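# Structural features, examined
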Amino acid sequence: MSITNFDQLLEAGVHFGHLKRKWNPAMAPYIFMERNGIHIIDLYKTVAKVEDAAAALKQIAKSGKKVLFVATKKQAKQVVAEKAASVNMPYVIERWPGGMLTNFPTIRKAVKKMTTIDKMTKDGTFDNLSKREKLQVTRQRAKLEKTLGSIADLTRLPSALFVVDVMKEHIAVREANRLGIPVFAMVDTNSDPSNIDYVIPANDDATKSIEVILNAVCGAMQEGLEERKAEKIDTDAAEGEAPKKEKKTRVAKKERTKKEDDEALNANVAEKFLKDTEE
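Notes on the structure follow. What you see is a predicted model, and the numbers here were worked out from it, not measured in a lab.

## Comments concerning the packing of helix 4 (residues 104-123) against helix 5 (residues 131-148)
The N-to-C vectors of helix 4 and helix 5 enclose an angle of 135°; their axes lie 10 Å apart at closest approach. It follows that helix 4 is oblique to helix 5 by the angle criterion. Relative to helix 5, the crossing made by helix 4 is left-handed. Along its contact with helix 4, which presents Ile107, Ala110, Val111, Lys113, Met114, Ile117 and Asp118, the element helix 5 presents Val137, Gln140, Arg141, Leu144, Glu145 and Leu148. Looking at the contact of helix 4 with helix 5 residue by residue, the class counts come to eight nonpolar, one polar and four charged.

Structure below.
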(Lines give C-alpha, C1' and ligand atoms only; values in the text may rest on other atoms or scores of the structure.)
Protein backbone atom coordinates (compact mmCIF):
# COMPACT_ATOMS: atom_id res chain seq x y z
CA MET A 1 0.00 0.00 0.00
CA SER A 2 1.35 3.47 -0.91
CA ILE A 3 1.56 5.09 2.50
CA THR A 4 3.40 8.31 3.27
CA ASN A 5 6.03 8.70 5.98
CA PHE A 6 7.11 11.26 8.57
CA ASP A 7 9.79 12.87 6.39
CA GLN A 8 7.46 13.37 3.44
CA LEU A 9 4.86 15.01 5.67
CA LEU A 10 7.49 17.24 7.28
CA GLU A 11 8.87 18.35 3.92
CA ALA A 12 5.37 19.18 2.63
CA GLY A 13 4.60 21.33 5.68
CA VAL A 14 1.73 19.14 6.90
CA HIS A 15 2.67 19.96 10.50
CA PHE A 16 1.87 23.69 10.31
CA GLY A 17 -1.41 24.49 12.05
CA HIS A 18 -3.20 27.80 12.62
CA LEU A 19 -2.49 30.60 15.05
CA LYS A 20 -2.92 29.65 18.69
CA ARG A 21 -5.76 32.15 19.15
CA LYS A 22 -7.74 30.47 16.32
CA TRP A 23 -7.44 26.90 17.56
CA ASN A 24 -10.28 24.52 18.36
CA PRO A 25 -9.77 22.78 21.74
CA ALA A 26 -11.16 19.54 20.27
CA MET A 27 -7.95 19.28 18.22
CA ALA A 28 -5.75 19.25 21.35
CA PRO A 29 -4.97 15.47 21.10
CA TYR A 30 -3.38 16.04 17.69
CA ILE A 31 -1.26 19.10 18.58
CA PHE A 32 2.41 18.48 19.40
CA MET A 33 3.45 21.96 20.57
CA GLU A 34 3.12 25.68 20.02
CA ARG A 35 5.89 27.70 18.38
CA ASN A 36 5.88 31.45 17.61
CA GLY A 37 2.15 31.57 18.26
CA ILE A 38 1.42 28.74 15.78
CA HIS A 39 0.28 25.23 16.70
CA ILE A 40 2.39 22.35 15.41
CA ILE A 41 0.56 19.13 14.48
CA ASP A 42 1.93 15.79 15.76
CA LEU A 43 3.02 14.12 12.51
CA TYR A 44 3.34 10.68 14.10
CA LYS A 45 -0.39 10.77 14.76
CA THR A 46 -0.96 12.05 11.22
CA VAL A 47 0.96 9.08 9.78
CA ALA A 48 -1.16 6.64 11.83
CA LYS A 49 -4.40 8.35 10.80
CA VAL A 50 -3.42 8.38 7.13
CA GLU A 51 -2.78 4.64 7.30
CA ASP A 52 -6.20 4.00 8.86
CA ALA A 53 -7.98 6.18 6.30
CA ALA A 54 -6.05 4.67 3.38
CA ALA A 55 -6.87 1.11 4.48
CA ALA A 56 -10.59 1.94 4.74
CA LEU A 57 -10.65 3.76 1.38
CA LYS A 58 -8.83 0.86 -0.26
CA GLN A 59 -11.58 -1.53 0.83
CA ILE A 60 -14.28 0.84 -0.43
CA ALA A 61 -12.59 1.08 -3.83
CA LYS A 62 -12.02 -2.68 -3.92
CA SER A 63 -15.73 -3.29 -3.36
CA GLY A 64 -16.55 -1.15 -6.41
CA LYS A 65 -18.16 1.71 -4.48
CA LYS A 66 -17.66 5.44 -5.04
CA VAL A 67 -15.93 8.04 -2.85
CA LEU A 68 -16.90 11.67 -3.43
CA PHE A 69 -14.00 14.15 -3.07
CA VAL A 70 -14.97 17.65 -1.95
CA ALA A 71 -12.64 20.68 -2.01
CA THR A 72 -13.80 24.10 -3.18
CA LYS A 73 -10.90 26.17 -1.84
CA LYS A 74 -8.47 27.57 -4.40
CA GLN A 75 -5.37 25.74 -3.10
CA ALA A 76 -7.02 22.32 -3.34
CA LYS A 77 -9.12 22.47 -6.53
CA GLN A 78 -6.60 21.38 -9.12
CA VAL A 79 -4.92 18.75 -6.94
CA VAL A 80 -8.21 17.15 -5.92
CA ALA A 81 -9.50 17.13 -9.51
CA GLU A 82 -6.34 15.37 -10.77
CA LYS A 83 -6.11 12.82 -7.97
CA ALA A 84 -9.82 11.95 -7.96
CA ALA A 85 -9.84 11.56 -11.75
CA SER A 86 -6.79 9.26 -11.55
CA VAL A 87 -8.83 6.73 -9.54
CA ASN A 88 -12.05 7.38 -11.50
CA MET A 89 -13.90 8.93 -8.56
CA PRO A 90 -16.40 11.83 -8.61
CA TYR A 91 -15.41 15.19 -7.16
CA VAL A 92 -16.78 18.66 -6.41
CA ILE A 93 -14.35 21.57 -6.75
CA GLU A 94 -16.77 24.40 -7.51
CA ARG A 95 -19.60 25.55 -5.26
CA TRP A 96 -21.19 22.73 -3.23
CA PRO A 97 -24.79 22.42 -4.50
CA GLY A 98 -26.94 22.49 -1.37
CA GLY A 99 -28.91 19.27 -0.97
CA MET A 100 -26.61 17.34 -3.26
CA LEU A 101 -26.76 14.33 -0.93
CA THR A 102 -30.02 14.86 0.97
CA ASN A 103 -31.89 15.77 -2.24
CA PHE A 104 -29.93 13.55 -4.62
CA PRO A 105 -32.80 12.78 -7.08
CA THR A 106 -33.04 16.49 -7.97
CA ILE A 107 -29.31 16.63 -8.66
CA ARG A 108 -29.64 13.58 -10.91
CA LYS A 109 -32.38 15.38 -12.88
CA ALA A 110 -29.98 18.27 -13.49
CA VAL A 111 -27.32 15.82 -14.69
CA LYS A 112 -29.84 14.18 -17.03
CA LYS A 113 -30.63 17.62 -18.43
CA MET A 114 -27.03 17.76 -19.68
CA THR A 115 -27.56 14.41 -21.41
CA THR A 116 -30.75 15.71 -23.00
CA ILE A 117 -28.95 18.78 -24.37
CA ASP A 118 -26.19 16.58 -25.78
CA LYS A 119 -28.81 14.40 -27.44
CA MET A 120 -30.41 17.50 -28.99
CA THR A 121 -27.04 18.43 -30.49
CA LYS A 122 -26.57 14.97 -32.02
CA ASP A 123 -30.04 14.43 -33.48
CA GLY A 124 -30.22 17.88 -35.11
CA THR A 125 -32.89 19.38 -32.84
CA PHE A 126 -30.41 22.00 -31.65
CA ASP A 127 -29.93 23.28 -35.21
CA ASN A 128 -33.67 24.02 -35.52
CA LEU A 129 -33.62 26.43 -32.55
CA SER A 130 -33.42 30.18 -32.94
CA LYS A 131 -30.14 31.98 -32.30
CA ARG A 132 -31.34 33.21 -28.92
CA GLU A 133 -32.54 29.76 -27.84
CA LYS A 134 -29.24 28.23 -28.90
CA LEU A 135 -27.38 30.76 -26.77
CA GLN A 136 -29.57 30.03 -23.74
CA VAL A 137 -29.17 26.26 -24.09
CA THR A 138 -25.40 26.57 -24.58
CA ARG A 139 -25.04 28.72 -21.47
CA GLN A 140 -27.18 26.34 -19.44
CA ARG A 141 -25.08 23.38 -20.60
CA ALA A 142 -21.83 25.17 -19.70
CA LYS A 143 -23.16 26.06 -16.24
CA LEU A 144 -24.27 22.49 -15.55
CA GLU A 145 -20.95 21.12 -16.80
CA LYS A 146 -19.02 23.43 -14.48
CA THR A 147 -20.92 22.48 -11.34
CA LEU A 148 -22.05 18.91 -12.03
CA GLY A 149 -19.89 17.60 -14.87
CA SER A 150 -17.48 15.87 -12.48
CA ILE A 151 -20.30 13.87 -10.87
CA ALA A 152 -22.05 12.82 -14.08
CA ASP A 153 -21.15 9.17 -13.45
CA LEU A 154 -22.42 9.23 -9.86
CA THR A 155 -25.71 7.37 -10.32
CA ARG A 156 -26.27 6.70 -6.61
CA LEU A 157 -25.21 8.17 -3.28
CA PRO A 158 -21.48 7.83 -2.61
CA SER A 159 -20.28 5.34 0.00
CA ALA A 160 -17.94 7.91 1.56
CA LEU A 161 -16.84 11.56 1.41
CA PHE A 162 -13.27 12.83 1.40
CA VAL A 163 -13.19 16.49 2.45
CA VAL A 164 -10.43 19.08 2.45
CA ASP A 165 -11.16 21.79 5.07
CA VAL A 166 -14.21 20.71 7.08
CA MET A 167 -14.99 24.30 8.09
CA LYS A 168 -15.40 25.47 4.49
CA GLU A 169 -17.28 22.31 3.49
CA HIS A 170 -19.46 22.15 6.63
CA ILE A 171 -22.66 21.79 4.58
CA ALA A 172 -21.33 18.70 2.78
CA VAL A 173 -20.20 17.21 6.10
CA ARG A 174 -23.59 17.90 7.68
CA GLU A 175 -25.46 16.24 4.80
CA ALA A 176 -23.19 13.18 4.98
CA ASN A 177 -23.68 12.93 8.76
CA ARG A 178 -27.43 13.14 8.29
CA LEU A 179 -27.41 10.23 5.83
CA GLY A 180 -24.88 8.15 7.75
CA ILE A 181 -22.21 8.43 5.05
CA PRO A 182 -18.66 8.05 6.47
CA VAL A 183 -16.55 11.21 6.22
CA PHE A 184 -12.78 11.19 5.66
CA ALA A 185 -11.22 14.61 6.09
CA MET A 186 -8.07 16.65 6.43
CA VAL A 187 -8.67 18.54 9.67
CA ASP A 188 -6.60 21.59 10.66
CA THR A 189 -6.11 22.93 14.21
CA ASN A 190 -8.95 25.47 13.81
CA SER A 191 -11.58 22.82 12.97
CA ASP A 192 -13.92 20.56 14.92
CA PRO A 193 -13.16 16.85 14.32
CA SER A 194 -16.17 15.55 16.27
CA ASN A 195 -18.34 14.95 13.17
CA ILE A 196 -15.57 13.29 11.15
CA ASP A 197 -15.32 9.50 11.04
CA TYR A 198 -11.70 9.36 9.82
CA VAL A 199 -9.73 12.39 11.00
CA ILE A 200 -6.44 13.19 9.28
CA PRO A 201 -4.81 16.02 11.28
CA ALA A 202 -3.00 18.10 8.67
CA ASN A 203 -2.43 21.53 7.21
CA ASP A 204 -5.35 22.02 4.82
CA ASP A 205 -4.19 25.38 3.45
CA ALA A 206 -0.99 24.43 1.60
CA THR A 207 -1.15 22.79 -1.82
CA LYS A 208 1.88 20.57 -1.09
CA SER A 209 0.31 19.35 2.16
CA ILE A 210 -2.95 18.49 0.42
CA GLU A 211 -1.10 16.76 -2.41
CA VAL A 212 1.00 14.49 -0.17
CA ILE A 213 -2.09 13.31 1.75
CA LEU A 214 -4.06 12.70 -1.45
CA ASN A 215 -1.12 10.81 -2.96
CA ALA A 216 -1.26 8.40 -0.03
CA VAL A 217 -5.01 7.77 0.01
CA CYS A 218 -5.44 7.71 -3.78
CA GLY A 219 -2.48 5.35 -4.07
CA ALA A 220 -4.23 2.98 -1.68
CA MET A 221 -7.49 3.29 -3.63
CA GLN A 222 -5.66 2.52 -6.87
CA GLU A 223 -4.33 -0.68 -5.29
CA GLY A 224 -7.86 -1.59 -4.25
CA LEU A 225 -9.12 -1.08 -7.81
CA GLU A 226 -6.30 -3.20 -9.23
CA GLU A 227 -7.02 -6.01 -6.77
CA ARG A 228 -10.70 -5.87 -7.72
CA LYS A 229 -9.76 -6.13 -11.40
CA ALA A 230 -7.44 -9.09 -10.73
CA GLU A 231 -10.11 -10.90 -8.70
CA LYS A 232 -12.65 -10.35 -11.47
CA ILE A 233 -10.27 -11.86 -14.04
CA ASP A 234 -9.70 -14.89 -11.77
CA THR A 235 -13.45 -15.31 -11.24
CA ASP A 236 -14.18 -15.11 -14.98
CA ALA A 237 -11.44 -17.65 -15.66
CA ALA A 238 -12.83 -20.01 -13.02
CA GLU A 239 -16.35 -19.68 -14.43
CA GLY A 240 -14.98 -20.43 -17.90
CA GLU A 241 -13.25 -23.62 -16.70
CA ALA A 242 -16.32 -24.90 -14.83
CA PRO A 243 -18.44 -25.59 -17.98
CA LYS A 244 -15.46 -27.35 -19.62
CA LYS A 245 -15.03 -29.59 -16.59
CA GLU A 246 -18.77 -30.29 -16.49
CA LYS A 247 -18.78 -31.14 -20.21
CA LYS A 248 -15.81 -33.48 -19.73
CA THR A 249 -17.64 -35.21 -16.86
CA ARG A 250 -20.76 -35.66 -19.03
CA VAL A 251 -18.68 -37.20 -21.85
CA ALA A 252 -16.95 -39.59 -19.43
CA LYS A 253 -20.31 -40.59 -17.92
CA LYS A 254 -21.78 -41.18 -21.39
CA GLU A 255 -18.83 -43.35 -22.36
CA ARG A 256 -19.11 -45.34 -19.12
CA THR A 257 -22.83 -45.90 -19.69
CA LYS A 258 -22.21 -47.04 -23.26
CA LYS A 259 -19.54 -49.47 -22.06
CA GLU A 260 -21.92 -50.90 -19.44
CA ASP A 261 -24.65 -51.29 -22.08
CA ASP A 262 -22.24 -53.08 -24.44
CA GLU A 263 -21.14 -55.43 -21.66
CA ALA A 264 -24.78 -56.21 -20.77
CA LEU A 265 -25.59 -56.84 -24.43
CA ASN A 266 -22.61 -59.14 -24.84
CA ALA A 267 -23.62 -61.04 -21.71
CA ASN A 268 -27.14 -61.55 -23.07
CA VAL A 269 -25.80 -62.76 -26.44
CA ALA A 270 -23.41 -65.18 -24.70
CA GLU A 271 -26.19 -66.52 -22.47
CA LYS A 272 -28.47 -67.07 -25.45
CA PHE A 273 -25.68 -68.83 -27.38
CA LEU A 274 -24.97 -71.19 -24.50
CA LYS A 275 -28.69 -71.92 -24.18
CA ASP A 276 -28.99 -72.76 -27.90
CA THR A 277 -25.90 -75.00 -27.69
CA GLU A 278 -27.34 -76.96 -24.78
CA GLU A 279 -30.56 -77.57 -26.68
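Once the structure has been displayed, the description carries forward.
## Topic: the pairing of strand 3 (residues 38-41)
Judged from the two bridges that link them, strand 1 (residues 16-19) and strand 3 form a sheet pairing that is antiparallel. If you follow Leu19 over to strand 3, its bridge partner there is Ile38. In this structure, strand 2 (residues 31-35) lies alongside strand 3, joined through four bridges in antiparallel fashion. Opposite Arg35, over in strand 3, you have Ile38 as the bridge partner. Counted between consecutive antiparallel strands, the loop separating strand 2 from strand 3 contains two residues, among which Asn36 sits at a positive phi close to 55°.

## Section: the environment of Lys77
As for its position among the elements, Lys77 is in helix 3 (residues 74-86). The exposure class of Lys77 is partly exposed, given its relative accessible area of 27%. Sequence-wise, Lys77 and Glu94 are 17 residues apart; in three dimensions their C-alpha atoms are separated by 7.9 Å. Filtering out sequence-adjacent residues up to four positions away, Lys77 remains in contact with Ala71, Thr72, Ile93 and Glu94.

## So, the sheet that holds strand 6 (residues 160-164)
What the five strands build is an open sheet, ordered 5-4-6-7-8; its pairing is parallel. The open sheet has two edge strands, strand 5 (91-92) and strand 8 (198-201), and neither has a second partner. Two elements, strand 4 (residues 67-70) and strand 6, share four bridges in a ladder whose sense is parallel. Bridge pairing in strand 6 places Phe69 opposite Phe162.

## Describing unusual backbone geometry
Unlike most non-glycine residues, Asn36 shows phi in positive territory, near 55°. Along the polypeptide, Asn36 turns up in the loop between strand 2 and strand 3. According to the relative accessible area criterion, Asn36 is exposed, its value standing at 74%. At Asn88, a residue that is not glycine, the phi angle is positive and equals roughly 60°. Considering the arrangement of structural elements, one finds Asn88 in the loop between helix 3 and strand 5.

## Some words on helix 6 (residues 170-179)
Along helix 6, the residues classified as buried are Ala172, Val173, Glu175 and Ala176. For helix 6, the arc enclosing every buried residue in end-on projection is 165°, short of the 170-degree limit, so these residues lie on one face. Seen from the buried face of helix 6, the exposed residues on the opposite side, beyond 90 degrees, are Arg174 and Arg178. Looking one or two places after helix 6, you find Gly180, whose phi comes out positive at around 75°.

## As for the packing of aromatic side chains
Centre distance and the angle of the planes are the two values used to describe a pair of aromatic rings. Taken as a whole, this structure holds three aromatic pairs when the rule is applied. Between Phe69 and Phe162 the ring centres are 5.4 Å apart and the planes differ by 35°, which places this aromatic pair in the tilted class. Taken together, the positions of Phe69 in strand 4 and Phe162 in strand 6 put the pair 93 residues apart, joining distant regions of the chain. Residue Phe69 is classed as buried on the basis of its relative accessible area of 1%. By relative accessible area, which is 1% here, Phe162 ends up buried. When the ring of Phe184 is compared with that of Tyr198, the centres are 4.3 Å apart and the planes differ by 5°; the resulting orientation is stacked. Here Phe184 is found in strand 7 (residues 183-187), whereas its partner Tyr198 is found in strand 8, with 14 residues between them in sequence. On the basis of relative accessible area, Phe184 is assigned to the buried category, the value being 1%.

Analysis parameters
Residues numbered from 1 in each chain as written. Predicted model: local features only at pLDDT ≥ 70, side-chain atom pairs only at ≥ 80, totals over all residues. Heavy atoms only, no water. Axes fitted to C-alpha atoms, helices over the stretch in contact; angles between N-to-C directions. Helix = DSSP H or I, 4+ residues; strand = E, 2+ residues; numbered from the N terminus. Parallel < 35°, antiparallel > 145°, perpendicular 65-115°, else oblique. Left-handed = near helix turned anticlockwise from the far one by under 90°. Contact = heavy atoms within 4.5 Å. Nonpolar A, V, L, I, M, F, W, Y, C, P; charged D, E, K, R; others polar. Pairing = 2+ DSSP bridges. Buried < 20%, exposed > 50% of the residue type's maximum accessible area, 1.4 Å probe, protein only. Arc of directions from axis to C-beta. Phe/Tyr/Trp six-rings, centres within 6.5 Å; stacked < 30°, edge-to-face > 60°.

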